[in-house]
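The chain contents come next:
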Amino acid sequence: MSKTANPDWREATRLVHAGDSPDARLGAAARGVNPAVQRASTVLLPDAASLYSSDMRSYGRTGLGVQASLEAAICELEHGSGAAVFSSGAAAITAALMAVLSAGDEVLVSAGVYAPTRRFCNGILKRFGVVTRYFSPRATADEVMALASPNTRAVMLESPASLTFEFQDIPAICAAARARGIVSLIDNTWGASVLFKPLDAGIDLSIQALTKYASGGSDVFMGSVATRDPVHGAAVREIMQDTGWAVSPDDCYTVLRSLRTLPLRMARHGASALQVAQWLEQQPEVAQVLCPALPGSPDHEIWKRDYSGLNGLFGVVLKSGSVKAASAFLDGLSLFGLGFSWGGFESLAVLGDPQVRNPGRGWSASGALMRLHIGLEDPHDLIADLRTGLDAFAAACEEP
Ligand SMILES: Cc1ncc(COP(=O)(O)O)c(C=O)c1O
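Here the residue numbers are simple positions, counted from 1 along each chain's written sequence. pLDDT decides what is reported in this predicted model: residues at 70 or higher carry local features, side-chain atom pairs at 80 or more are listed and counted, and totals for whole chains, interfaces and linings draw on all residues regardless. Values shown for side chains rest on all heavy atoms present in the structure; no hydrogens or waters enter the calculation.

## Describing the domain arrangement of the protein
- What the domain assignment lists for the protein is domain 1 (3-259) and domain 2 (262-398).
- In this document the domain limits rely on a domain assignment from an automatic tool or a database. When each unit is reduced to the centre of its C-alpha atoms, the spacing between domain 1 and domain 2 is 28 Å.
- Residues are treated as being in contact if the distance between any of their heavy atoms lies within 4.5 Å. If you look at the interface, domain 1 gives 39 residues, while domain 2 gives 37 residues.
- For any pair of parts, buried area is found by adding up, for both, the accessible area (1.4 Å probe) each one loses once the two are put together. When domain 1 packs against domain 2, the two sides together hide about 3200 Å² of surface, and 61% of this comes from carbon and sulfur.
- By salt bridge we mean one thing: a side-chain nitrogen of Lys or Arg within 4 Å of a carboxyl oxygen of Asp or Glu. Connecting domain 1 to domain 2 are two salt bridges.
- The partner of Arg138 in a salt bridge is Asp299, and the shortest N-O contact between them spans 3.0 Å.
- Nitrogen and oxygen atoms within 3.5 Å of one another constitute a polar contact, given that in protein one can donate a hydrogen and the other can accept it, and given that sequence-neighbouring residues count only through two side-chain atoms. The interface formed by domain 1 and domain 2 contains 21 residue pairs in polar contact (both at pLDDT 80 or more).
- Under the scheme used here, helices are H or I runs from DSSP no shorter than 4 residues and strands are E runs no shorter than 2 residues, and both carry numbers assigned from the N terminus. Those elements giving two or more residues to the side of domain 1 that touches domain 2 turn out to be α1 (11-17), α5 (115-127), α7 (170-179) and α9 (249-259).
- Within the side of domain 1 that touches domain 2, the residues separate by chemical class into 22 nonpolar, twelve polar and five charged. Side-chain classes are defined by residue name, with Ala, Val, Leu, Ile, Met, Phe, Trp, Tyr, Cys and Pro counting as nonpolar, Asp, Glu, Lys and Arg as charged, and the others, Gly among them, as polar.

Okay, here's the thing in structure tokens:
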């Protein structure tokens, strides 16, 4: 019996043991605490009858033991009936959309989705005959459903929105979608399924870029799709099989190892982020801090209702929109790296404006939008670094 069978354990305990499976080579009484990494394209089957059995793990591309262990662990984390892993978060998003959409369908998509998701909808989905309609990242369930037509097959959410951090009323939107027979999907990379469990909230397909918090090491790409309904699970596996989007066993091992410490890391990211966000709110150069844990945030109530905590990623709007001053802020940082990812152990900063200042996005703040990822460093040092950056920003604002 898998150790994960005990439903009374709390999440941290379950994640330490999730995906645990016996290793036959160690004998019945012993097992490695970690799964064996089988680097194999070829699988030797026991007999002729097995060659064409419906077992998907008869060829290495769809995953062997360690992939299965990771998928079982993700399933546990997500409270799903099934989970599949893909070679990146972007691959998981596109696979999930392809699993539920066909030519002639329409899909409703939050305007706040990760930019490559929007590109996939506007490019590949359009070429294959699927129409995308966008809604505002703070649209209500009624506003979203007002865009639906008889051809609407799916609604794709991302909460909070990439870079601008608006939160959506997910339970209300997926209940309204379900009532109309519309399938709901979410990119839940921010919630990482420790802070928020989409399937419990009524979502049909829960997607994560495991590249971010699940991995936590900034050294691997991976994505997952977890499902409640086995019909959706089978559709996602079919996409995996038919597109050939394989995941390496070594990468699965790396992510599974990191998953054990996810709750612990997340608690530290969240506590440090709150400390830094509260400090930033008091700084004269800061117009707004886009962090839902701050009581003044427009998303505070939804976040408090739906999320169990905070991670390390939030936004800051500075008081000037000058590109020169924004660059001075970023170039003035030394502990924060300048980089587009997040969820790893390290603190990062990027300027968001080039990605969000387009008509479809509805972002109109006059100051520069920064996205900060608060890593596992001591927040005292991060605050000192931010102060140096803000001093450089203030000096650049004064220059003619
Ligand atoms: C919200 C979100 N979803 C998905 C992805 C894609 O993940 P990956 O880089 O693994 O494709 C990212 C990457 O930044 C992201 O921020």
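## Considering the site of the ligand
- What surrounds the ligand is a group of 14 residues, the closest being Gly89, Ala90, Asp187, Thr211 and Lys212.
- Interatomic distance of 2.8 Å between a backbone N/O atom of Ala90 and an oxygen atom of the ligand.
- Considering each element in turn, the shell around the ligand owes the most residues, three residues, to helix α4 (residues 89-100).
- Classifying every residue of the shell around the ligand by side-chain character gives six nonpolar, five polar and three charged. Near residues are defined by distance, with any heavy atom within 4 Å of the molecule or strand qualifying the residue.

## Considering the nonpolar core
- Core analysis: the biggest nonpolar cluster contains 90 residues, and Trp190, Leu259, Leu280 and Phe314 have the highest contact counts within it.
- Looking at which element gives the most residues to this core, the answer is helix α10 (residues 262-281), with seven residues.
- Taken together, domain 1 (3-259) and domain 2 (262-398) each give at least three residues to this core, which thus spans both.
- Among the nonpolar cores identified, the runner-up in size contains 28 residues, and Leu97, Val107, Leu185 and Ile239 belong to it. Definition used in this section: a nonpolar core is a set of buried Ala, Val, Leu, Ile, Met, Phe, Trp, Tyr and Cys residues joined via side-chain atoms within 4.5 Å. Relative accessible area decides the class of each residue, using a 1.4 Å probe on protein chains only: under 20% of the type maximum gives buried, over 50% gives exposed, and in between gives partly exposed.

## Here we look at the packing of aromatic side chains
- Only rings of Phe, Tyr and Trp enter the pairing, Trp through its six-membered ring, and a pair is recorded when the two centres are within 6.5 Å. The plane angle decides the type: under 30 degrees is stacked, over 60 is edge-to-face, the rest tilted. Tallying each qualifying case throughout the model produces five aromatic pairs.
- Ring plane angle 85° and centroid distance 5.3 Å describe the contact between Phe167 and Tyr307, whose orientation is recorded as edge-to-face. Within this pair, whereas Phe167 is found in the loop between β4 (152-158) and α7, its partner Tyr307 is found in the loop between α11 (300-306) and β9 (313-318), the two being separated by 140 residues in sequence.
- According to the relative accessible area criterion, Tyr307 is buried, its value standing at 6%.
- Taking the centre distance of 4.9 Å and the plane angle of 25° together, the rings of Phe196 and Tyr307 count as stacked. Placement of Phe196 in the loop between β5 (183-187) and β6 (205-209) and of Tyr307 in the loop between α11 and β9 is noted, with a sequence separation of 111 residues between them.

## Here we look at the sheet that holds β9
- Ordered by their spatial adjacency, five strands build an open sheet running β8-β9-β12-β11-β10, and the pairing between neighbours is mixed. Each having just a single partner strand, β8 (286-290) and β10 (337-338) make up the two edges of the open sheet.
- Fitted lines through C-alpha atoms serve as axes, helices being fitted only where they are in contact, and the angles separating the N-to-C directions of these axes extend from 0 to 180 degrees. Running over the sheet, α10 touches β8, β9 and β12 (369-373) and is turned about 10° from β9.
- Each of β9, β10, β11 (348-351) and β12 is contacted by helix α12 (residues 323-331), which is oriented at about 170° to β11, the strand it contacts most. Strand pairing requires that DSSP identify at least two bridges connecting the strands.

## Thoughts on the sheet that holds β6
- Within the open sheet, the seven strands sit side by side as β1-β7-β6-β5-β4-β2-β3. Their pairing is mixed. Across the chains shown, the open sheet's two edge strands, defined by having one partner strand only, are β1 (82-86) and β3 (131-135). Averaged over all pairs of adjacent strands, the angle between strand axes in this sheet comes to 20°, irrespective of strand direction.
- Pairing of β5 with β6 involves three bridges; the strand directions are parallel. Paired with Ile186 across the bridge in β6 is Ser206.

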